[in-house]
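Commentary on secondary and tertiary structure
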Amino acid sequence: MAEYSGLPAGPRYPSLVQGMAFWTRPIASLERWRARYGKRFTIKLPAGPPFVMLCDPADVKEVFTAPPDVLHPGEGARRVLEPVVGKNSVILLDEAAHMEQRKLMLPAFHGERMARLSALMTEAAEREVASWPRDTPFELHPRMQALTLEIILRAVFGLDPGPRLDALRERLGAMLEFGDKPISLAPPQEGTRAAEVLARIGPFARFVHLQAQADELIFELIHERRADKADGDDVLAMLLAARHDDGSPMSEQELRDELMTMLVAGHETTASSLAWAFSRLPHYPAVLARLTDHARSDNGDAYLTATIQETLRRRPVLPNVAPRMVKKPIEIGGWSYPVGISLVANAYLVHHDPDIYPDPYAFRPERFLDEPPGTYTWIPFGGGRRRCIGASFAMLEMKIVLRAVLSQCELRPTGDGIEVARRRNITIRPAGGARAVLSSRSGAPHPPDPSPESPDPGPSEPASAPSEPPTQPAAQLA
């Protein structure tokens with residue numbers, strides 16, 4: 001691997017040790033590195049180029065607005081995501097190929113289509129919430145995964161609840177459990193000897209087997225719909241009718257890769273965001289009481305939207321925006337970066353900069369009632385021409401699910417405290433599964449807030465970050 005000099009300072013311990021810290025302490029490690037090295041620092045993970053983490057909004061703006069032939073987000077994410085979504089995925093393409101594929105997919109997320117999907121989301125959410133246990137602690141994250149996967153499957157394929165939807169949901173859910181393994185961040189590359197060996201043994205072999213089963217069902221649905229030629233209102237029907245600039249239809253492999261992209265990106269991230277919301281809300285009774293009142297009334301959704309925005313600020317499930325591979329030398333923030341390294345806008349650290357967000361570790365949705373999120377200071381969906389095309393879908397789904405839960409139930413904490421973060425591939429989720437207690441809705445008064453309201457543990461420990469290599473963070477960040 002090439003050696004690079006002149007990059008921002010960063011931890012000096014071996015890439016394997018840095019990788020272990022990045023995996024096992026995804027939030028605490030970022031906090032400690034920023035405390036020690038400032039708003040730009042370089043980390044080195046196994047089998048990858050140097051990652052320069054950027055936490056200054058001015059740098060973030062330059063990254064998001066850089067010419068498409070200078071920075072390649074697709075290439076930067078390819079090693080980790082291609083085994084799951086395929087090489088034709090819109091998130092792995094760059095320059096003209098990316099823009100062409102993006103144009104084919106954008107109509108799926110237009111406002112009119114979103115309005116039609118809201119009824120589907122509401123029906124699925126209300127039915128799922130009605131089936132959850134009452135008055136006993138349980139993990140909400142797995143329930144959110146099942147719900148969001150059903151919603152995206154129905155939106156993408158037009159499937160009704162039944163054996164076929166259940167089979168695809170089961171296979172996809174099992175396949176994505178591969179993300180719980182550290183190898184998911186450095187999977188073997190297709191065509192290599194390592195890929196041949198690992199496809200027969202260990203967790204990667206199970207992933208390959210489950211992926212083949214899921215692909216079989218997806219290709220079967222593509223074949224049926226293409227032969228049927230009937231119009232439909234789902235995403236697959238739209239993609240079947242889409243045409244490239246040269247007039248050609250999407251190939252079956254292109255369709256498979258884009259469908260898999262929507263299934264993965266439109267399911268896991270939303271499920272984890274909802275899990276973080278329900279993990280945090282019971283510990284902030286004043287926020288929960290106000291949100292519940294709004295969810296049960298017709299007074300608009302401004303506070304509901306602000307609560308989701310604050311959840312995504314406090315816990316962006318993608319702490320790092322897609323790495324941009326440098327293809328031509330570029331200067332950002334006074335630093336010159338050579339070809340071959342990756343520039344990474346760090347959403348978590350931008351979101352927890354006290355110069356941008358006063359009292360950044362407090363959970364306070366009101367901050368977004370006073371001022372809307374900034375283009376380069378609130379980046380859970382990325383930014384620039386690569387901003388997530390499903391952002392409107394995700395926001396709508398989170399609003400509907402939060403409203404469905406709070407309209408039917410009273411939400412209470414389990415007494416275990418706010419859960420710490422655990423990595424799942426490139427995302428983070430509550431380590432305990434977002435445990436909570438739901439009771440059927442009643443007229444019981446809400447408990448008062450503690451005085452003063454205190455943020456969850458961890459805002460001050462980076463100032464006394466331990467020397468490298470890391471052992472234990474000074475205090476475990478939630």
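You'll find the structure just up there.
Attention in this report is confined to the structure presented alongside it.

Thresholds applied
- Residues numbered from 1 in each chain as written.
- Predicted model: local features only at pLDDT ≥ 70, side-chain atom pairs only at ≥ 80, totals over all residues.
- Heavy atoms only, no water.
- Helix = DSSP H or I, 4+ residues; strand = E, 2+ residues; numbered from the N terminus.
- Contact = heavy atoms within 4.5 Å.
- Areas by Shrake-Rupley, 256 points an atom, 1.4 Å probe, with all protein chains shown as cover.
- Pairing = 2+ DSSP bridges.
- Axes fitted to C-alpha atoms, helices over the stretch in contact; angles between N-to-C directions.
- Polar contact = N/O pair within 3.5 Å; in protein donor to acceptor, adjacent residues only side chain to side chain.
- Expected span 1.5 Å × (residues − 1).
- Buried < 20%, exposed > 50% of the residue type's maximum accessible area, 1.4 Å probe, protein only.
- Core = buried A, V, L, I, M, F, W, Y, C linked by side-chain atoms within 4.5 Å.
- Salt bridge = Lys/Arg side-chain N within 4 Å of Asp/Glu carboxyl O.
- Phe/Tyr/Trp six-rings, centres within 6.5 Å; stacked < 30°, edge-to-face > 60°.
- Lys NZ or Arg CZ within 6 Å of the ring centre and 35° of its normal.
- Parallel < 35°, antiparallel > 145°, perpendicular 65-115°, else oblique.
- Left-handed = near helix turned anticlockwise from the far one by under 90°.
- Nonpolar A, V, L, I, M, F, W, Y, C, P; charged D, E, K, R; others polar.

So, about the overall build of the chain. The secondary structure content of the chain amounts to 18 helices and 12 strands. Once local pairs closer than 6 in sequence are excluded, the contacts in the chain between residues at least 24 apart make up 75%. Split by element, the accessible area of the chain, about 19800 Å² in all, is 55% carbon and sulfur.

Looking now at the sheet that holds strand S9 (residues 409-412). Spatially, S4-S12-S9 is the arrangement adopted by the three strands of the open sheet, whose pairing is antiparallel. Two strands bound the open sheet, and with one partner strand each, they are strand S4 (138-139) and S9. In the packing of helix H18 (residues 391-408) onto the sheet, contacts are made with S9 and strand S12 (435-440), and the angle to S9 comes to roughly 100°.

Let's shift gears to the side chain of Thr 307. Locating Thr 307 in the fold gives a position in helix H15 (residues 302-314). Side-chain polar atoms of Thr 307 contact the backbone oxygen of Tyr 303, separated by 2.8 Å.

As a further point, take the sheet that holds strand S5 (residues 324-326). What links the strands of a sheet is backbone hydrogen bonding, and the strands pair in either a parallel or an antiparallel sense. A sheet is described by the order of its strands in space; here five strands give the open sequence S1-S2-S8-S5-S3, paired in mixed fashion. The strands lining the two open edges of the sheet, one partner per strand, are strand S1 (40-43) and strand S3 (71-72). Note that S5 and strand S8 (residues 342-345) share two bridges and pair antiparallel. Each bridged residue has a counterpart across the sheet, and for Met 325 the counterpart in S8 is Ser 342.

Further remarks concern helix H8 (residues 163-176). In this model H8 runs 20 Å from its N-terminal to its C-terminal C-alpha over 14 residues, within 8% of the 20 Å that 1.5 Å per residue would give. Leu 165, Leu 168, Leu 172, Ala 174, Met 175 and Leu 176 are the residues of H8 that are buried. Buried residues along H8 sit in contact with helix H4 (73-85), helix H7 (140-157), helix H10 (202-228), helix H12 (252-265) and strand S10 (421-424).

If you look at the biggest cluster of nonpolar residues, it comprises 98 residues, and the most contacted ones within it are Phe 157, Leu 168, Leu 172, Leu 239, Phe 278 and Phe 393. For this core, the leading source of residues is H18, giving 11 residues. When neighbours within four sequence positions are excluded, Phe 157 is seen to be in contact with Leu 168, Ile 218, Leu 221, Arg 225, Asp 234, Leu 236, Leu 259 and Leu 263.

This paragraph deals with the pattern of salt bridges. Close approach of charged atoms allows side chains with opposite charge to pair. In this structure the tally under the stated criterion is 28 salt bridges. Measuring nitrogen to oxygen at the nearest pair gives 3.9 Å for the salt bridge that ties Arg 412 to Asp 135. With a gap of 277 residues between them, Arg 412 in strand S9 and Asp 135 in the loop between helix H6 (111-130) and S4 connect regions that are remote in the sequence. By relative accessible area, Arg 412 is classed as partly exposed at 37%. The residue Arg 367 makes a salt bridge to Glu 310 at a minimum N-O spacing of 3.1 Å. Taken as a pair, Arg 367 in helix H17 (residues 367-370) and Glu 310 in helix H15 lie far apart in primary sequence, 57 residues in all. You'll find Arg 367 and Glu 310 in the same group, each marked buried.

Next up on the list: H12. Taking 1.5 Å as the rise per residue, H12 with 14 residues should run 20 Å; its terminal C-alpha atoms sit 20 Å apart, in good agreement. Burial of H12 is extensive: 11 of the 14 residues sit out of reach of the surface. Turning to H12, its buried residues are Glu 254, Leu 255, Arg 256, Asp 257, Glu 258, Leu 259, Met 260, Thr 261, Met 262, Leu 263 and Val 264.

Attention now goes to the pairing of strand S2 (residues 51-54). Of the two faces of S2, the one lined by Phe 51 and Met 53 and the one lined by Val 52 and Leu 54 are each fully buried. Examined bridge by bridge, S1 and S2 share four bridges and lie antiparallel to one another. Paired with Phe 41 across the bridge in S2 is Met 53. As judged from the four bridges shared by S2 and S8, these two strands associate in the parallel manner. By the bridge assignment, Met 53 is partnered in S8 with Val 344.

For the structure shown, the criterion picks out eight aromatic pairs. On the numbers, 6.3 Å between centres and 40° between planes, the contact of Phe 64 with Tyr 376 is tilted. Taken together, the positions of Phe 64 in helix H3 (residues 57-64) and Tyr 376 in the loop between H17 and H18 put the pair 312 residues apart, joining distant regions of the chain. Judged by relative accessible area, which is 3%, Phe 64 ranks as buried. For Tyr 376, a relative accessible area of 23% translates into the label partly exposed. A network of ring pairs unites the aromatic residues Tyr 357, Phe 368, Trp 378 and Phe 381 as a single cluster. Directly above the ring of Tyr 357 sits Arg 313, whose terminal nitrogen or CZ lies 5.1 Å from the centroid. Sitting over the face of the ring of Trp 276, Arg 315 holds its NZ or CZ atom 5.1 Å from the ring centroid.

Relative orientation of the contacting elements helix H13 (residues 268-280) and H18 amounts to 40°, with a least axis distance of 10 Å. Here H13 lies oblique to H18, going by the angle between them. In the crossing of H13 with H18, the sense of the turn from one axis to the other is right-handed. Residues Thr 270, Ser 273, Leu 274, Ala 277 and Phe 278 of H13 form the contact with H18, whose own contacting residues are Ala 394, Glu 397, Met 398, Val 401, Leu 402 and Val 405. Residues of the contact of H13 with H18, tallied by class, amount to eight nonpolar, two polar and one charged.

Time to look at the environment of Gly 19. Its place among the elements puts Gly 19 in helix H1 (residues 15-24). Between the alpha carbons of Gly 19 and Ile 43 there is a distance of 8.9 Å; along the sequence they are 24 residues apart. Beyond its immediate sequence surroundings of up to four residues, Gly 19 is in contact with Leu 45 and Pro 46.

Read these as geometric descriptors, not functional statements.
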